[in-house]
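A structural walkthrough
Listed below, chain by chain, are the residues.
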Amino acid sequence: MTNFSKKQQLKEDNQSFSFGWDVEKRPIFFNPSSWPVDAGIPIADRYALVRDDNNKCLSVVSSRYCPFYNKRFEGIVNAYLKVGSKNPMKKEFNGGGKLSVQLENKSVGSEALTSQILADTGSKIDDQHNGYITMINGHDTRTPWLFGLTIVRIYCRNTFLIAMKDLNESAIFTGKHLPHWEVKWEDMKATVQAASSTMQDFMSDIEQMSNQTWDPQRNTKFFSKVFQIGGKKQSKKFGTMLWNFNHVYDMYADQYGTDNKYSVFNAVTHIVDHDSTKKQKERGWNQIGRGQAIKNRAFKLLTA
């Protein structure tokens, strides 16, 4: 891929996400002497929660109700798009009364951003880490707002309810549409913004890797340092692993059309993420265990 193609692809990947509408709290009026009415007596402590694109009323709420605006999740999705996530999948049900947006948690940038958020919040990583980054919200007074990871792909109302049940038990952030829950949103926003800033620095380092050449003759020494198995150079296992590493490296070098440091880094992450056992993945080996330590060593060596 040429530098121009890379820049064009990056531009396409970083397209901003929007639901295309949001909600407003509007007063409700009643005029007993005529119907329909344009104005009248405001009904105390009752407001219509209305879509701002088609004026559809999604629910009737009180003054204590705090809308969780669509633009809030838009900001989170766009933070992921900036680090390489693609194709956000949005769904709306009940005319927008319930909605969701998901991103596959599989690119280098999205996994790194999710890992940073999980680390910052002290959340545990399990087999769901390789599923979907999922955001759920409702404007129907019954559905809370939720942010977390689930293996459920939302494509209909039933899967929406399954994913919501899943997140009710394991969400990284969740809240109700009430004033004191606004603090939770502020915590979430601050966490994601801080993690996103860190990851954008990370992606800048990745970009530098892609512009720095690499000599494949260094693969053996690099492999030994990163995987820390230099004392077993004569073993059959070492030979097999090194052959596999070189094979994966060649695959990425061919894909990018050049020998560069990014190809080496991708070879390491590919082996750790795709060649680990099912049991290792379930334990989060490739995210918080020795597998993650291997990726960190590779990153430090290549950006030193």
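Scroll up for the structure.
Residues numbered from 1 in each chain as written. Predicted model: local features only at pLDDT ≥ 70, side-chain atom pairs only at ≥ 80, totals over all residues. Heavy atoms only, no water.

**Quick word on helix H5 (residues 182–210)**
The end-to-end C-alpha separation of H5 is 41 Å, in line with the 42 Å expected for 29 residues at 1.5 Å each. Within H5 the residues assigned to the buried category are Trp 185, Met 188, Thr 191, Val 192, Ala 195, Ser 196, Met 199, Phe 202, Ile 206, Met 209 and Ser 210. (Helix = DSSP H or I, 4+ residues; strand = E, 2+ residues; numbered from the N terminus. Expected span 1.5 Å × (residues − 1). Buried < 20%, exposed > 50% of the residue type's maximum accessible area, 1.4 Å probe, protein only.)

**Quick notes on the environment of Lys 90**
Turning to its location among the elements, Lys 90 is positioned in strand E4 (residues 89–93). On the basis of relative accessible area, Lys 90 is assigned to the partly exposed category, the value being 38%. For the pair Lys 90 and Ser 100, spaced ten residues apart in sequence, the C-alpha separation works out to 5.5 Å. Excluding its chain neighbours within four sequence positions, the residues that come into contact with Lys 90 are Phe 17, Ser 18, Phe 19, Ser 100 and Val 101. Here the side chain of Lys 90 touches Ser 18 through a polar contact of 3.1 Å, landing on its backbone oxygen. Polar side-chain contacts of Lys 90 include one of 3.4 Å to the backbone oxygen of Phe 19. (Contact = heavy atoms within 4.5 Å. Polar contact = N/O pair within 3.5 Å; in protein donor to acceptor, adjacent residues only side chain to side chain.)

**Topic: a negative patch on the surface**
Taken together, the side chains of Asp 215, Asp 250, Asp 254 and Asp 259 make up a negatively charged region of the molecular surface. Among the secondary structure elements, Asp 215 is positioned in the loop between H5 and helix H6 (219–227). (Patch = residues over 30% accessible without salt bridge, like charges linked within 9 Å, V, L, I, M, F, W, Y side chains within 5 Å. Areas by Shrake-Rupley, 256 points an atom, 1.4 Å probe, with all protein chains shown as cover. Salt bridge = Lys/Arg side-chain N within 4 Å of Asp/Glu carboxyl O. Lys, Arg positive; Asp, Glu negative; His and termini not counted. Charge placed at Lys NZ, Arg CZ, Asp CG, Glu CD.)

**A few points about the environment of Ser 18**
By secondary structure assignment, the location of Ser 18 is in the loop between helix H1 (3–13) and strand E1 (23–30). Judged by its relative accessible area of 40%, Ser 18 falls in the partly exposed class. Along the chain, Ser 18 and Lys 71 lie 53 residues apart, while their C-alpha atoms are 7.4 Å from each other. With residues up to four places along the chain from it excluded, the contact list for Ser 18 reads Glu 74 and Lys 90. There is a polar contact of 3.0 Å between the side chain of Ser 18 and the backbone nitrogen of Gly 20. Separated by 3.3 Å, the side chains of Ser 18 and Glu 74 make a polar contact.

**So, the packing of helix H7 (residues 236–256) against helix H8 (residues 261–274)**
With their axes 8 Å apart at the nearest point, H7 and H8 run at an angle of 130 degrees to one another. Comparing their axes, H8 and H7 come out oblique. Here the hand of the crossing between H7 and H8 comes out right-handed. Between H7 and H8, the residues in contact are Asn 244, Phe 245, Val 248, Tyr 249, Met 251, Tyr 252, Ala 253 and Tyr 256 and Tyr 262, Ser 263, Val 264, Asn 266, Ala 267, Val 268, His 270 and Ile 271, respectively. Here the contact of H7 with H8 is built from residues that sort into twelve nonpolar, four polar and no charged. (Axes fitted to C-alpha atoms, helices over the stretch in contact; angles between N-to-C directions. Parallel < 35°, antiparallel > 145°, perpendicular 65-115°, else oblique. Left-handed = near helix turned anticlockwise from the far one by under 90°. Nonpolar A, V, L, I, M, F, W, Y, C, P; charged D, E, K, R; others polar.)

**Description of the packing of aromatic side chains**
Evaluated as defined, the whole model comprises 13 aromatic pairs. Feature note: the residues Trp 214, Phe 222, Phe 223, Phe 227 and Phe 245 constitute an aromatic cluster, connected by ring pairs. When the ring centre of Tyr 47 is taken as reference, the NZ or CZ atom of Lys 25 above it lies at 5.0 Å. The positively charged end of Arg 51 is found above the aromatic ring belonging to Trp 21, 3.8 Å away from the centroid. (Phe/Tyr/Trp six-rings, centres within 6.5 Å; stacked < 30°, edge-to-face > 60°. Lys NZ or Arg CZ within 6 Å of the ring centre and 35° of its normal.)

**Quick notes on the pattern of salt bridges**
Taken as a whole, this structure holds eight salt bridges when the rule is applied. The residue Lys 189 makes a salt bridge to Glu 186 at a minimum N-O spacing of 3.5 Å. A residue pair is termed a helical-turn pair when its members lie 3 or 4 positions apart in one helix, as Lys 189 and Glu 186 do in helix H5 at three residues. We classify Glu 186 as partly exposed; its relative accessible area is 39%.

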